[in-house]
Amino acid sequence: MVRQSSNARLRLYDARDDAAALLLIDLQKAVDDVELNGTHSNPVLDDRVDELLRCWRGGNGHIVHVRHFSHTPGSLYRSGHAGAEFKTSAMPLAGERIVTKHVESPFIGTDLDIWLRRHGIARLVVAGVSTGHAVSTAARHAHCLDFGVVVVADACASYAIDDLDGQPLTAEEVQRFSLALLGSHYARISSTQEVVQQF
């Protein structure tokens, strides 16, 4: 079921037009490092991302690939490390925009906002990893910048964490809560099927 926030202005049938962009967040090889992260919540993540990309590449909308390059010594996300490379399912094609960030938000220290506005983009469809961190930060920041936002739930993933009392929250619990929080105010929550079926 699609959940609509009070002020998101993106209609699904607008998604692939010239004023829309597919924003893929941190789909890099390090996200599959179980030793580093544990197992994420979405075993079909690659399939859903591939489906979104095939759909988008058949339309007129823009595709933006956001990658994280860490400045932390030893990080799998540091530039030049294999973990920082794009996943096969999310490999950019020629002409697709690549944005490199060094903090959670892709709008900090980059020209993403300027580039989107220069290309007349007013609506963003967001997917990637992890839902409660970089995806949520991107969606919230975009909302604050007055973009219409859709988050594609089954093309995102979360990892298990402990709460403030040290009690474990499963990756699936983190995913559900993160999506519920985003959908309550910042974004429309949809699925790959719902997005693709509009076209």
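The model shown is predicted, which means the values in this text are computed figures rather than measured ones. (Residues numbered from 1 in each chain as written. Predicted model: local features only at pLDDT ≥ 70, side-chain atom pairs only at ≥ 80, totals over all residues. Heavy atoms only, no water.)

Undergrad: Tell me about the overall build of the chain, and please be specific about residues and values.
TA: Each helix and strand in the chain was counted, giving six helices and eight strands. Counting from the amino terminus, helix and strand elements in the chain follow one another as β-α-α-β-β-α-β-α-β-β-β-α-β-α. For the chain, whose C-alpha radius of gyration is 16 Å, the value lies close to the compact-globule estimate of 16 Å for 199 residues. Dimensions of the chain, computed from C-alpha atoms along their principal axes, come out at roughly 40 × 35 × 30 Å. Across the 199 residues that make up the chain, the buried fraction comes to 49%. Accessible area for the chain stands at about 9,400 Å²; split by element, carbon and sulfur atoms hold 52% of it. Side chains of the chain give 19 positive and 24 negative charges; the mean places of these two sets differ by 7 Å. (Helix = DSSP H or I, 4+ residues; strand = E, 2+ residues; numbered from the N terminus. Rg over C-alpha atoms; globule rule 2.2 N^0.38 Å. Buried < 20%, exposed > 50% of the residue type's maximum accessible area, 1.4 Å probe, protein only. Areas by Shrake-Rupley, 256 points an atom, 1.4 Å probe, with all protein chains shown as cover. Lys, Arg positive; Asp, Glu negative; His and termini not counted. Charge placed at Lys NZ, Arg CZ, Asp CG, Glu CD.)

Undergrad: Tell me what's going on with the environment of Leu45, and back it up with residues and numbers.
TA: For Leu45, the position within the fold is in helix α2 (residues 45–56). Residues Leu45 and Leu116, 71 residues apart in the sequence, show an inter-C-alpha distance of 26 Å. In contact with Leu45, other than residues within four places in its own chain, are Leu27, His40, Val129, Ala155, Cys156 and Ala157. (Contact = heavy atoms within 4.5 Å.)

Undergrad: Can you tell me about the side chain of Asn42, naming the residues and giving the values?
TA: By the secondary structure assignment, Asn42 is in the loop between α1 (34–37) and α2. According to the relative accessible area criterion, Asn42 is buried, its value standing at 8%. If we skip the residues at most four places from it in the chain, Asn42 touches Asp154, Ala155, Cys156 and Ala157.

Undergrad: Give me the lowdown on the pattern of salt bridges, citing residues and values where you can.
TA: Scanning the model with the defined rule gives nine salt bridges in all. As a salt-bridge pair, Glu96 and Arg57 come within 2.7 Å of each other at their nearest N and O atoms. Here Glu96, found in the loop between β2 (62–68) and β3 (97–101), pairs with Arg57, found in the loop between α2 and β2; they are 39 residues apart in sequence, far enough to count as distant. Sharing partners across several salt bridges, the network here consists of Asp32, Asp46 and Lys87. (Salt bridge = Lys/Arg side-chain N within 4 Å of Asp/Glu carboxyl O.)

Undergrad: Quick one: what's the story with the pairing of strand β5 (residues 148–157), residue by residue and with numbers?
TA: By the criterion of burial, β5 is predominantly enclosed, with nine of the ten residues buried. Where strand β4 (residues 123–129) lies against β5, six bridges are found, and the strand directions are parallel. From the neighbouring strand, Val126 faces β5, where its bridge partner is Val151. For the handedness criterion, the β-α-β arrangement of β4, helix α4 (residues 131–144) and β5 is classed as right-handed. (Pairing = 2+ DSSP bridges. Right-handed = clockwise from strand over helix to strand, strands pointing away.)

Undergrad: Just give me the short version of α2, but keep the residues and values in it.
TA: Between its first and last C-alpha, α2 extends 16 Å over twelve residues, near the 16 Å set by a 1.5 Å rise per residue. Listed as buried for α2 are Leu45, Val49, Leu52, Leu53, Cys55 and Trp56. Within α2, the buried residues cover an arc of 160° as seen down the axis, which keeps them to one side. Looking at the buried side of α2, the elements it contacts are β1 (20–25), β2, β4, β5 and α6 (192–196). (Expected span 1.5 Å × (residues − 1). Arc of directions from axis to C-beta.)

Everything listed is a geometric property; what it means functionally is a separate question.
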